[in-house]
Amino acid sequence: METMLANMIEEIMELKKSKDFVILAHNYQLPELQDIADHVGDSLQLATLATQLEKSRILFLGVDFMAETIKLLNPDKTVIVPDPEATCPLANSLTPEIVERYRNEFPGVPIVLYINSTLECKAFADVICTSANAVEIVARLDGQRVIFGPDKNLASYVAEKTGKDIIPIPGETGYCYVHENFKISSPLDARRSYPEAKIMVHPEVPKELRRLADYVGSTGQMLRYPAATDAREFVVGTEIGMLHRLRKTFPDRIFYPLDHAICSNMKLNTLEKVYRSLNEEVYEVTIDEEIARKAFKSVRKMFELMER
Ligand code: 13P
Ligand code: SF4
């Protein structure tokens, strides 16, 4: 079994080299996929990195909205994904019709959409944000009111941090099933089991959980947190793939999962599918030019606001 795995990894590496692909993977990918990737990161890091890549062929391991963002920022590059079914239910919970309805209902109020949204919705937004920069982006906008979607938990975190009046869209149905399902008793159990450990959670968890944590941050921010504290042990409240990333980055620290939370969409990507993807050069990510032109403006606005 191990030899078969090693052979497959070797073949993937050869294909990657001969076909001149670069592999980008999100922090939630399976450990063996993170290990074969050239770059592993959060959605903002990957989107930014993609613009600086010299290679013109990208194999992306994550979910569809992330792959589309990479294509959006790199229209002349080939972007392929191993499984086109790998999507994000949170992103799909918002439709362009809902965004337009709120635009008409609240004229002049800026619409900020989380990068976990469809390209069609991004085309209707004023600016995009990620969980790493949502607070800064909203704080830098003029005015007190902001329409924000689709994650209601990130919306409430942004409201708390900025003091602004956030109108969440689509509302109660906008959440990530992976982060919404952490048990409220888990941080309390973790404190009992690991009294010295710091608890870190992703801002997609509900408010009640956030309040029981020591640190709230995106996956990229979670990767910087251990170096900023003296703590040796950490309890991690996000998708389980993050544990591999943290353990590899900080081999001298101990990481426990808050719950065994799995994003089944992220986990659709496997080594076998990666091999097929590189071998057959499937599945190519394509985006509608007109939608891309509009969505690009809202992503560009994010980069502009970040530079201020
Ligand atoms: P990050 O932007 O923190 O990587 O999160 C993306 C995501 O899908 C969280 O569930
Ligand atoms: Fe979407 Fe949640 Fe999976 Fe992230 S963890 S890709 S928000 S379903």
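For the structure, check the block above.
Worth saying up front: this structure is predicted, and the values here are computed from it rather than measured.

Description of the sheet that holds strand β5 (residues 111-114)
On the basis of which strands lie adjacent, the open sheet formed by four strands has the order β6-β5-β7-β8 and parallel pairing. Lying at the two open borders of the sheet, with one neighbouring strand each, are β6 (127-129) and β8 (165-168). Neighbour to neighbour, the strand axes of the sheet diverge by 30° on average, direction disregarded. Where β5 and β6 come together, three bridges link them in parallel fashion. Residue pairing across strands places Tyr114 opposite Cys129, the latter belonging to β6. Strand contacts of helix α9 (residues 152-162): β5, β7 (145-149) and β8, with the helix running at about 175° to β8, the strand carrying the most contacts.

Notes on the site of ligand 1
Every residue close to ligand 1 is listed here: His26, Tyr28, Asp42, Ser43, Met66, Asn116, Ser131, His179, His202, Glu204, Ser218 and Thr219. Within the contact set of ligand 1, an oxygen atom lies 2.5 Å away from a side-chain nitrogen or oxygen of Ser43. Contacts to ligand 1 include Thr219, whose side-chain N or O atom sits 2.8 Å from an oxygen atom. Partitioned by chemical class, the residues of the shell around ligand 1 number two nonpolar, eight polar and two charged.

A closer look at the site of ligand 2
Lining the immediate surroundings of ligand 2 are Tyr28, Val63, Cys88, Pro89, Leu90, Asn116, Cys176, Tyr177, Val178, Glu204, Cys263 and Met266. When grouped by side-chain class, the residues that make up the shell around ligand 2 number 10 nonpolar, one polar and one charged.

Structural notes on the sheet that holds strand β3 (residues 57-61)
Strand order across the open sheet formed by four strands is β2-β1-β3-β4, with parallel pairing between neighbours. Only two strands of the sheet have a single partner each, and these edge strands are β2 (39-41) and β4 (78-80). Ignoring which end each strand starts from, the neighbouring axes of this sheet average 25° apart. Alignment of β3 against β4, held across three bridges, turns out to be parallel. Bridge pairing in β4 places Leu59 opposite Ile80. Against the sheet, helix α4 (residues 64-73) contacts β1 (21-26), β3 and β4, and its axis sits at roughly 160° relative to β3.

Brief notes about the pairing of strand β12 (residues 254-257)
Here strand β11 (residues 233-237) runs beside β12; their pairing, made up of four bridges, is parallel. Counted as the bridge partner of Glu233 is Ile254 from β12. Handedness of the crossover is the feature at issue here: the chain leaves β11, passes through helix α14 (residues 241-249), returns alongside β12, and the resulting connection is right-handed.

A closer look at the pattern of salt bridges
Per the counting criterion, the structure on display carries 20 salt bridges. The salt bridge partner of Asp38 is Lys16, with a shortest N-O separation of 2.6 Å. Taken as a pair, Asp38 in the loop between α2 (31-36) and β2 and Lys16 in helix α1 (residues 2-18) lie far apart in primary sequence, 22 residues in all. A salt bridge links Glu160 to Arg211; the nearest nitrogen and oxygen atoms lie 3.4 Å apart. Here Glu160, found in helix α9, pairs with Arg211, found in the loop between α12 (207-210) and β10 (215-216); they are 51 residues apart in sequence, far enough to count as distant.

Section: the packing of aromatic side chains
Aromatic ring pairs are reported here in terms of the distance separating the ring centres and the angle at which the planes meet. Per the stated rule, a full pass over the model turns up six aromatic pairs. Centre to centre, the rings of Tyr102 and Phe106 are 6.0 Å apart; their planes meet at 15°, and the pair counts as stacked. Since its relative accessible area comes to 15%, Tyr102 is described here as buried. Taken together, the aromatic side chains of Tyr215, Tyr225, Phe234, Phe250 and Phe255 make up a single cluster linked through ring pairs.

Thoughts on the nonpolar core
Among the nonpolar cores identified, the biggest contains 92 residues, and Phe60, Val112, Leu113 and Phe148 are the most heavily contacted of them. Of the residues forming this core, the biggest block, six residues, is contributed by α4. Each residue touching Leu113, except ones within four places of it in the same chain, is listed here: Leu94, Val99, Cys121, Lys122, Ala125, Val127, Ile128, Cys129, Gly149 and Ile169. Of all hydrophobic cores here, the second largest spans 15 residues; its members include Leu15, Ile36, Ile80 and Leu278.

Observations regarding the environment of Val79
Of note, Val79 is situated in strand β4. Here Val79 falls in the buried class, since its relative accessible area comes to 0%. Along the backbone, Val79 and Ile23 are 56 residues apart, and their C-alpha atoms lie at a distance of 10.0 Å. Filtering out sequence-adjacent residues up to four positions away, Val79 remains in contact with Ile58, Phe60, Ala67, Ile70, Lys71, Tyr283, Glu284 and Val285.

A short note on the side chain of Lys122
Note on placement: Lys122 falls in helix α7 (residues 119-122). What Lys122 contacts, discounting residues up to four positions off in sequence, is Phe65, Thr69, Leu113, Ile115, Ser117, Ile128, Ala295 and Ser298.

So, the packing of α1 against helix α15 (residues 271-280)
Running from N to C, α1 and α15 point in directions that differ by 30°, and their axes come no closer than 10 Å. With respect to each other, α1 and α15 are oriented roughly parallel. Seen from above, α1 lies across α15 with left-handed handedness. Contacts from Leu5, Met8, Ile9, Glu11, Ile12, Leu15 and Lys16 in α1 reach Leu271, Glu272, Val274, Tyr275, Leu278 and Asn279 in α15.

So, how was this worked out
Residues numbered from 1 in each chain as written. Chains lettered and ligands numbered in written order. Predicted model: local features only at pLDDT ≥ 70, side-chain atom pairs only at ≥ 80, totals over all residues. Heavy atoms only, no water. Pairing = 2+ DSSP bridges. Helix = DSSP H or I, 4+ residues; strand = E, 2+ residues; numbered from the N terminus. Axes fitted to C-alpha atoms, helices over the stretch in contact; angles between N-to-C directions. Contact = heavy atoms within 4.5 Å. Near = heavy atom within 4 Å. Polar contact = N/O pair within 3.5 Å; in protein donor to acceptor, adjacent residues only side chain to side chain. Nonpolar A, V, L, I, M, F, W, Y, C, P; charged D, E, K, R; others polar. Right-handed = clockwise from strand over helix to strand, strands pointing away. Salt bridge = Lys/Arg side-chain N within 4 Å of Asp/Glu carboxyl O. Phe/Tyr/Trp six-rings, centres within 6.5 Å; stacked < 30°, edge-to-face > 60°. Buried < 20%, exposed > 50% of the residue type's maximum accessible area, 1.4 Å probe, protein only. Core = buried A, V, L, I, M, F, W, Y, C linked by side-chain atoms within 4.5 Å. Parallel < 35°, antiparallel > 145°, perpendicular 65-115°, else oblique. Left-handed = near helix turned anticlockwise from the far one by under 90°.

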